[in-house]
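Inside the fold
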Amino acid sequence: MSLLSAGLDDYLHSILPPRDEVLARMEADAACRGIPIVGPAVGRLLAQVTRLAGARRVFELGSAIGYSTIWLARAVGPDGRVFYTDGSEENAAEARENLSRAGVAERVTVLVGDALTALDGTDGEFDLIFNDVDKEGYPDVLRRALPRLRVGGLLVTDNVLWGGALRLPPCEDDAETAAIREFNRLCYANPDLETTIVPLRDGVSVARRIR
Ligand SMILES: C[S@@+](CC[C@H](N)C(=O)[O-])C[C@H]1O[C@@H](n2cnc3c(N)ncnc32)[C@H](O)[C@@H]1O
């Protein structure tokens, strides 16, 4: 799924370096089974902002089969830690195998259950929090995740343009669209955050906690 025109999206994918066998197989598998992973262009962005922020401690909200987790775990390096969360035990079992195949299992803590409850139950500050949970939860994610970021840390959120539904003038928003619209408004209005939406794939926002 991409908001970019087909030709432009094809072009962006054509210039991406090939992924290793683990990620490539997960991409094919996700496409086949309809699993909504971020894909390689956003995966690369996640890894890049993780490295730019010098992030070592990362919390991921909504990890599915661990595709984005692998990009994050590789970017934090061998001394870093990524917390994986998903509500599905089946997803977590598959993710454990994928993380192991990718050689990053030792730097990932797998937590099964509600992602924000898992965040509340995990001590310490984070350098980066990646948000990819159910969209209706996005305003709550902002409220609960922001205090857990160190100053200078990043809240990165997927699907913030939601298939093009975030338009002006707004149509009748469904609950998911309304929640994302509110999340984006709150991010941009918050003086503690410096936020930019990158219109890559389905829209990714990068919000830096500045105080
Ligand atoms: C879009 S998928 C995540 C994809 C993953 N970030 C990737 O790109 O590889 C969203 C996942 O979040 C999980 N999820 C959604 N809301 C959740 C919540 N509140 N707590 C825990 N998991 C949640 C779903 O089970 C689903 O697997």
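Refer to the structure presented above.
Nothing here was measured: the structure is a model prediction, and the numbers come from that model.

Two numbers describe how helix α2 (residues 21–33) lies on helix α4 (residues 67–76): the axes approach to 10 Å, and their chain directions differ by 155°. One element, α2, and the other, α4, form an angle in the roughly antiparallel class. Two packed elements cross with a definite hand, and for α2 against α4 that hand is left-handed. Between α2 and α4, the residues in contact are V22, L23, M26 and E27 and Y67, I70, W71 and R74, respectively. Across the contact of α2 with α4, the residue classes break down as 6 nonpolar, no polar and 2 charged.

The next subject is a negative patch on the surface. Together, D134, E136, D174 and E176 make up a negatively charged patch on the protein surface. Residue placement: D134 occurs in the loop between β4 (126–131) and α7 (138–145). A residue is classified by how much of its surface remains accessible, and D134, at 66% relative accessible area, is exposed.

Our focus in this paragraph is the side chain of S205. Tracing the sequence through the fold places S205 in strand β7 (residues 204–209). Apart from the residues lying within four places of it in its own chain, the contact partners of S205 are L155, V156, T157, V160, F183, T195, T196 and I197.

Before going further, it helps to examine the packing of aromatic side chains. Enumeration over the complete set of coordinates arrives at 5 aromatic pairs. Between F59 and F83, the aromatic rings sit 5.6 Å apart at their centres with planes inclined by 15°, giving stacked as the arrangement. Of the two residues, F59 is situated in strand β1 (residues 57–61) and F83 in strand β2 (residues 81–86); the sequence distance between them amounts to 24 residues. When the ring of Y67 is compared with that of W71, the centres are 6.4 Å apart and the planes differ by 65°; the resulting orientation is edge-to-face.

Of note, R74 is situated in helix α4. A relative accessible area of 28% places R74 in the partly exposed class. In the structure, R74 is positioned 23 residues away from R51 in sequence and 9.7 Å away in space, judged by C-alpha atoms. Residues within four places of R74 in sequence aside, it is in contact with D20, L23, R51, A102, V104 and R107.

So, on to the pattern of salt bridges. If you walk through the whole model with that rule in mind, you get 16 salt bridges. Linking R144 and D120 is a salt bridge whose minimum nitrogen-to-oxygen distance equals 2.6 Å. Taken together, the residues span a long stretch of sequence, with R144 in helix α7 and D120 in helix α6 (residues 115–120) at a distance of 24 residues. For the salt bridge of K135 with D132, the shortest nitrogen-to-oxygen distance reads 3.2 Å.

Turning our eyes to something else, we now look at the site of the ligand. Around the ligand sit 19 residues, and of these V38, S68, D86, A115 and D132 come closest. G87 is positioned with one of its backbone polar atoms (N or O) 3.0 Å from a nitrogen atom of the ligand. Here the ligand is seated within the largest pocket. Residue composition of the shell around the ligand, by class: 8 nonpolar, 6 polar and 5 charged.

Counted as a void, the largest pocket has a volume near 730 Å³. Forming the boundary of the largest pocket are 33 residues, of which G62, D132, V133, D134 and K135 lie nearest the centre. Elements with a minimum of two residues in the lining of the largest pocket: α4, α6 and α7. Its residues placed into classes, the lining of the largest pocket shows 13 nonpolar, 9 polar and 11 charged. Counted as a void, the second largest pocket has a volume near 260 Å³. Looking at the second largest pocket, it is lined by 19 residues, and the ones nearest its centre are M1, V38, G39, P40 and R201. Those elements that place two or more of their residues in the lining of the second largest pocket are α1 (6–14), α2 and α3 (39–52). Among the elements that take part in the lining of the second largest pocket, α3 stands out by supplying 4 residues, more than any other. Residues of the lining of the second largest pocket, tallied by class, amount to 13 nonpolar, 3 polar and 3 charged.

Cut-offs applied
Residues numbered from 1 in each chain as written. Predicted model: local features only at pLDDT ≥ 70, side-chain atom pairs only at ≥ 80, totals over all residues. Heavy atoms only, no water. Axes fitted to C-alpha atoms, helices over the stretch in contact; angles between N-to-C directions. Helix = DSSP H or I, 4+ residues; strand = E, 2+ residues; numbered from the N terminus. Parallel < 35°, antiparallel > 145°, perpendicular 65-115°, else oblique. Left-handed = near helix turned anticlockwise from the far one by under 90°. Contact = heavy atoms within 4.5 Å. Nonpolar A, V, L, I, M, F, W, Y, C, P; charged D, E, K, R; others polar. Patch = residues over 30% accessible without salt bridge, like charges linked within 9 Å, V, L, I, M, F, W, Y side chains within 5 Å. Areas by Shrake-Rupley, 256 points an atom, 1.4 Å probe, with all protein chains shown as cover. Salt bridge = Lys/Arg side-chain N within 4 Å of Asp/Glu carboxyl O. Lys, Arg positive; Asp, Glu negative; His and termini not counted. Charge placed at Lys NZ, Arg CZ, Asp CG, Glu CD. Buried < 20%, exposed > 50% of the residue type's maximum accessible area, 1.4 Å probe, protein only. Phe/Tyr/Trp six-rings, centres within 6.5 Å; stacked < 30°, edge-to-face > 60°. Near = heavy atom within 4 Å. Polar contact = N/O pair within 3.5 Å; in protein donor to acceptor, adjacent residues only side chain to side chain. 1 Å grid on protein atoms, 1.4 Å probe; cavity = no way out; pocket = protein on both sides within 12 Å on 5 of 7 lines; lining within 4 Å. Sits in = over half its atoms within 2 Å of the grid points. Points joined across faces, edges and corners; volume = space filled by probe spheres on them.

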